[in-house]
Amino acid sequence: MKTILVPVEESGVLPSMLESALLAARRFNSYIEGLHVRPALPGVVAAGAAGLVAATPDLVESFERQDRERTERARQLFREFMSAKNVEEASAPGPATKPSWGWLEEVSPGDDAVGSRGRLFDLIVVGRPVRGQTTPAMSTLEAALFESGRPLLIAPPNMPAAIGNTIIIAWNCSTETARTIAFAMPFLLRARKVIVLTVEGVTVPGPSGVDVAKNLVRNGVPAEAQDAVAGGRGPGEAILAEAAARGCDLLIKGAYTHSRLRQMIFGGATNHILAATEMPVFMAH
């Protein structure tokens, strides 16, 4: 986890994202790169009585000015945070002995830049989308999750005090969760306690939580298996409640064991966690 990417956009969750990235960076002496994506200006900007209206020079200038201002605010927030935390700007690539940071701006018509740039990094930190707010956007999270091939650390709305001391793995026997555990090994090896939680009735065919814990112990992870009963709760609700009850500060969860379409229609653990978690979540697909 030596390189961490943070898509930076002004939002109420940004302080939590930056704090989460820094907590991870301090564990691994990581380089944190702030990425701000400026939207490419569309050739058509509005619909009028005559149909679609092409962008006029005045409209283009207005959009460009707003983009420049938004970019400058994002850059300033990122730099001010790093300065306040005494994190130095990276001078040159090389093995890091302490956290450092860099900054990059890209122009893209959508969130493709997040998924593409994210392929270079060990971890991507994104914010949990908050209902009623436009940023952070679910599209940014999904681009990072599905296009980068890398794991995500999803920051909750409020800044966490710690990440990775007591970790809970939401084990549902799936390929996605097995892959996420492999990505998360640097965190697991540094944890004080790791709980492999199996919620009754929300698993697919596969190895038991006891088997997972045994093999983690063989890797030097202080893991133990525990079971829980949903008790009328949805799977995501049960996972978050059990994690909070055990005092965990990081949840490891494979994303979308069932298809996104099915979860959108019928609900699912991933959707609930992305909408409601108040603790950091380490997630991969």
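As a reminder, the structure under discussion sits directly above these lines.
This structure is a prediction, so every number in the text was calculated from the model and none was measured.

**Regarding the packing of aromatic side chains**
In step 1: For the structure shown, the criterion picks out five aromatic pairs.
In step 2: Between Phe187 and Phe282 the ring centres are 5.8 Å apart and the planes differ by 65°, which places this aromatic pair in the edge-to-face class. Taken together, the positions of Phe187 in helix α6 (residues 185-190) and Phe282 in strand β13 (residues 281-284) put the pair 95 residues apart, joining distant regions of the chain.
In step 3: The structure contains a cluster of three or more aromatic residues connected by ring pairs, namely Phe28, Phe187 and Phe282.

**Description of the pairing of strand β8 (residues 152-155)**
In step 1: Residues Leu152 and Ile154 of β8 are buried on one face, and the alternating residues Leu153 and Ala155, pointing to the opposite face, are buried as well.
In step 2: In terms of strand pairing, strand β7 (residues 123-127) meets β8 through four bridges, oriented parallel. For Val125, the partnering residue across the bridge sits in β8 and is Leu153.
In step 3: Viewed along the sheet, the connection from β7 through helix α4 (residues 138-147) into β8 turns out right-handed.
In step 4: With three bridges connecting them, β8 and β13 associate as antiparallel partners. Note on β13: the bridge partner recorded for Ile154 is Val281.

**A few points about the pairing of strand β12 (residues 250-254)**
In step 1: For β12, the buried fraction is high: five of the five residues fall into the buried class.
In step 2: On β12, burial covers both faces: Leu250, Ile252 and Gly254 on one face and Leu251 and Lys253 on the other are all buried.
In step 3: With four bridges joining them, β12 and β13 adopt parallel strand pairing. Residue pairing across strands places Gly254 opposite Ala284, the latter belonging to β13.

**Side note on the pattern of salt bridges**
In step 1: For the structure on display, the rule yields 11 salt bridges.
In step 2: Residue Glu33 pairs with Arg117 through a salt bridge whose shortest N-O separation is 2.8 Å. Pair noted here: Glu33 is in strand β2 (residues 31-39) and Arg117 is in helix α3 (residues 112-118), with a separation of 84 residues, a long-range link.
In step 3: On the accessibility criterion, Arg117 (24% relative accessible area) is partly exposed.

**Side note on the nonpolar core**
In step 1: Counting residues in hydrophobic clusters, the biggest one holds 47 residues, and the most contacted among them are Ile4, Val6, Ile32, Leu123, Phe187, Leu188 and Leu216.
In step 2: When residues of this core are assigned to their parent elements, the largest contribution, nine residues, is made by helix α1 (residues 14-28).
In step 3: With residues up to four places along the chain from it excluded, the contact list for Leu216 reads Ile169, Ile181, Met185, Leu188, Val196, Val221 and Ala223.
In step 4: If you look at the next biggest cluster of nonpolar residues, it comprises 34 residues, including Ile124, Leu145, Ile239 and Cys248.

Each value, and the rule that gives it
- Residues numbered from 1 in each chain as written.
- Predicted model: local features only at pLDDT ≥ 70, side-chain atom pairs only at ≥ 80, totals over all residues.
- Heavy atoms only, no water.
- Phe/Tyr/Trp six-rings, centres within 6.5 Å; stacked < 30°, edge-to-face > 60°.
- Helix = DSSP H or I, 4+ residues; strand = E, 2+ residues; numbered from the N terminus.
- Buried < 20%, exposed > 50% of the residue type's maximum accessible area, 1.4 Å probe, protein only.
- Pairing = 2+ DSSP bridges.
- Right-handed = clockwise from strand over helix to strand, strands pointing away.
- Salt bridge = Lys/Arg side-chain N within 4 Å of Asp/Glu carboxyl O.
- Core = buried A, V, L, I, M, F, W, Y, C linked by side-chain atoms within 4.5 Å.
- Contact = heavy atoms within 4.5 Å.

Note that all results are geometric; they support no functional claim without further evidence.
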